[in-house]
Amino acid sequence: MKAFIEEIKKKSAENLYNELDSSSNGLTSEEAKKRLETFGSNEIIEKKSNPFLKFLKSFWGPIPWMIEIAAILSAVIKRWEDFWIILTLLILNAVVSFWQENKADNAIEMLKKKLALNARVFRDKNWKQIKANLLVPGDIIRVRLGEVVPADIKLISGDYLQIDESALTGESLPIEKKIDDAAYSGSVVKQGEMNGLVAATGMNTYFGRTAKLVEEATTQSHFQKAVIKIGNYLIFFALALVLLIILVGFFRHEGFMEMFQFALVLMVAAIPAALPAVLSVTMAVGATALAKKEAIVSKLASIEEMAGMDILCSDKTGTITKNELTVANVIPYDTFNDNDVLLYAALASNADDQDAIDNAILEKSNKIADIKNSLSDYSLDNFKPFDPVKKRTEASVHDKNNNRFKVSKGAPQVILSLVGDGDVSLESKVNKDVLDFANNGYRALGVAKAGSDDKWHFAGLIPLYDPPREDSLETIKQAQKMGVEVKMITGDHTAIAKQIAKETGLGQKIEPAEKLLALDDRKALRLIENSNGFAQVFPEHKYEIVELLQAKGHIVGMTGDGVNDAPALKKADAGIAVAGATDAAKSAAAIVLTKPGLSVIIDAIEQSRRIFQRMGNYSIYRIAETIRVLLFISLSIITFQFYPVTALMIVLLALLNDAPIMTIAFDNVKVSATPDRWNMRTTLGISTVLGIIGVFSSFGIFFIGKEVFHIGNEALQSFIYLKLSVAGHLTVFVARTKGHFWSVKPSKSLLFAVITTQIVATLIVIFGFLLPALSWKLALFVWGYALIAFIITDFLKVQAYKMFDHSKIKFGNK
């Protein structure tokens, strides 16, 4: 991958040098218009899909195609009431899925503010300001301090630029650019002002070509896999029963259309029509809650991935640390004191350049009254900004008495060379202090002063460090308690990474990323799992770390902010773009943070686990209900040659039981202490047990209605329908807890929905609306029977969990 990125950069540079004429005098408006038609808009964005086609796509997936089959079967045998109701459920699912995904896409579009919005361009022999997306190859533009380079350009005039390419290349230090050098779209000008000739725009830039790497990294979410497994389980179960019924019907010489009619009823009963809608609504509600926690969800399935995440690979700068350079305790030399060292360093700094080191020194100096007051006594004669070759700044100043002198700050070894007096003891002391700083995670800065005789004197060392955020230590402890291992991934030096890791409780096993290159996959995986993080990391290392951990079965979260982080963010189960990330990183990530720090990630994990448990609870309920109804209907037909419910009753069950169940998205749950994963053994096992218990319960009411109350066949169907409806919703309260049903209080919305719909179901059978009527006495008996069965089922469920739930990472909490 690194070679691929370098090839992209090489080709972009070749475009700059080989395809353009540096002597260009700019374009006319007419020429620019023609080139815009040829090259297209200067935008680094993913191609937008047609909204209509995107909506149609919502009708196809793991479950929708099964619902469509049921609708087609209804139309074939002309059961139009079934057809329209099933079609309504299908459209409901598609609308919910489309609306939520489209809403998330719009949120990401709103976040795309990183690229330059405007550009100064030389057209028609005049400088003018235009929208950056209207730039074309051949334009001459001007870039200066603080601006984002809007396109790939060849620098043609001006002194120099200091450009931050960290978002593109991972290089943390600014790069100096001069005439004939290339400046890339998306990089930020830190110092200087120059004119450049536009060579490439939009997706043809280095920025755009690198972003294409994202398309190579694709993953299927665990949520999608789980829904497919649930659907397959129910469909194969239904097909087996359909084949059995057809076989029995063949020996009984029953008509083909009658068997086909039953197949329809069975398929409608088997297909969890509301499953996609309920799960989509549950995740959508969670996405809204996460947005309030400063985390914008761009891919709904990522919520489930976040809940199961057991390893979080976190950036250091800006996530674990403040991304604010801070001055530590100064070490003065010779006759100089602390204030002298800081004063000279401040005089050798320029606030207008917005240099991170200069800002840190000036901020520290302004906090000390003596230094702040002294600064006003000096006037600047000349200032030489930081030069990456000379590695220092220099200022010529004079005081109010017109005493002139020079000050300089920079790399300690460079400042030592200025002194140049061959003092071995001084050199030894400086080297020792610098090494001590490095071992403690500090970057050392040397300061020197020269009098009127131009003889330099080493004034002292200033240690700089990026301190941990105040909440990092506690947040990391909380993550570890939740079963999430946090690994620091940073481009900084190993010594600095170890110091920050020590201060934040991560551990001291920080390895240089280059170690990974020398190991095979098996040994590299062992190193990754046993380490607390990696230093001197390049973006391709991030991708490799994610890939190896996923191969071992880990669910991996990865934070990132740069363009080159995009492939790793896309590959990760939960790609997280941190606050201030580039557009490419935001587009690739599943979750975009708008607040810095780890605490917002922990909030997202907690909320995701709540959402996951709600989805799990509903899945158990839905599978159990399908088994209960399906098996009961099949055995009734096979054993007693009796249809216990009609097709219309099945549809009413789907409407009254599934639609209100969407309120489970707001149900009360407790956050689990460990990552949540789909444990299909437990999920399908518990669901099957609850379903079989329901079958015995249904046959009990069938026997009582037929043999004790001697109810006629049509009224008996209403009698059984009411039991299936009431007991079905009571199953929700069984399925939503691992302990007894009273262990977690249900939400008011869920309780209200259950009571309301079951009152409606009861009134339908009592007043005979659409169904044969029942007496109040029989309806009350059904309610009493269902409540007793509910309590018995709940106790049996608790025992069943003890048998099934033996996995290390358990499904849900409760």
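To be clear, the structure that these remarks concern was listed above.
Now for a quick tour of the structure. (Residues numbered from 1 in each chain as written. Predicted model: local features only at pLDDT ≥ 70, side-chain atom pairs only at ≥ 80, totals over all residues. Heavy atoms only, no water.)

## Details of the overall build of the protein
When helices and strands are tallied, the protein shows 30 helices and 22 strands. When each of the 814 residues of the protein is scored for burial, the buried share is 56%. Put simply, of all contacts in the protein between residues at least 6 apart along the chain, 73% involve residues at least 24 apart. If you sum the accessible surface of the protein, you get close to 35,100 Å²; carbon and sulfur atoms cover 58% of it. (Helix = DSSP H or I, 4+ residues; strand = E, 2+ residues; numbered from the N terminus. Buried < 20%, exposed > 50% of the residue type's maximum accessible area, 1.4 Å probe, protein only. Contact = heavy atoms within 4.5 Å. Areas by Shrake-Rupley, 256 points an atom, 1.4 Å probe, with all protein chains shown as cover.)

## So, the packing of aromatic side chains
The geometry of an aromatic ring pair is captured by the separation of the ring centres together with the interplanar angle, meaning the angle of the planes. Taken as a whole and judged by the stated rule, the model has 20 aromatic pairs. Seen in terms of ring centroids, Y333 and F458 are 5.1 Å apart; in terms of plane orientation they differ by 70 degrees. Their pairing is edge-to-face. Of this pair, Y333 sits in the loop between β11 (331-332) and α13 (338-347) while F458 sits in strand β16 (residues 456-465), placing them 125 residues apart in sequence. Here Y333 and F458 have matching classes, each one buried. Centre to centre, the rings of F709 and F781 are 5.1 Å apart; their planes meet at 85 degrees, and the pair counts as edge-to-face. Of the two residues, F709 is situated in the loop between α27 (680-708) and α28 (713-735) and F781 in helix α30 (residues 776-804); the sequence distance between them amounts to 72 residues. For F781, a relative accessible area of 30% puts it in the partly exposed group. (Phe/Tyr/Trp six-rings, centres within 6.5 Å; stacked < 30°, edge-to-face > 60°.)

## Side note on unusual backbone geometry
Positive phi, normally seen in glycine, also occurs at D334, with a value near 55 degrees. One can find D334 in the loop between β11 and α13. Look at N402: it is not a glycine, yet its phi comes out positive at around 65 degrees. Checked against the element boundaries, N402 lands in the loop between β13 (392-399) and β14 (404-410). Among the residues examined, N402 registers a relative accessible area of 47% and is labelled partly exposed.

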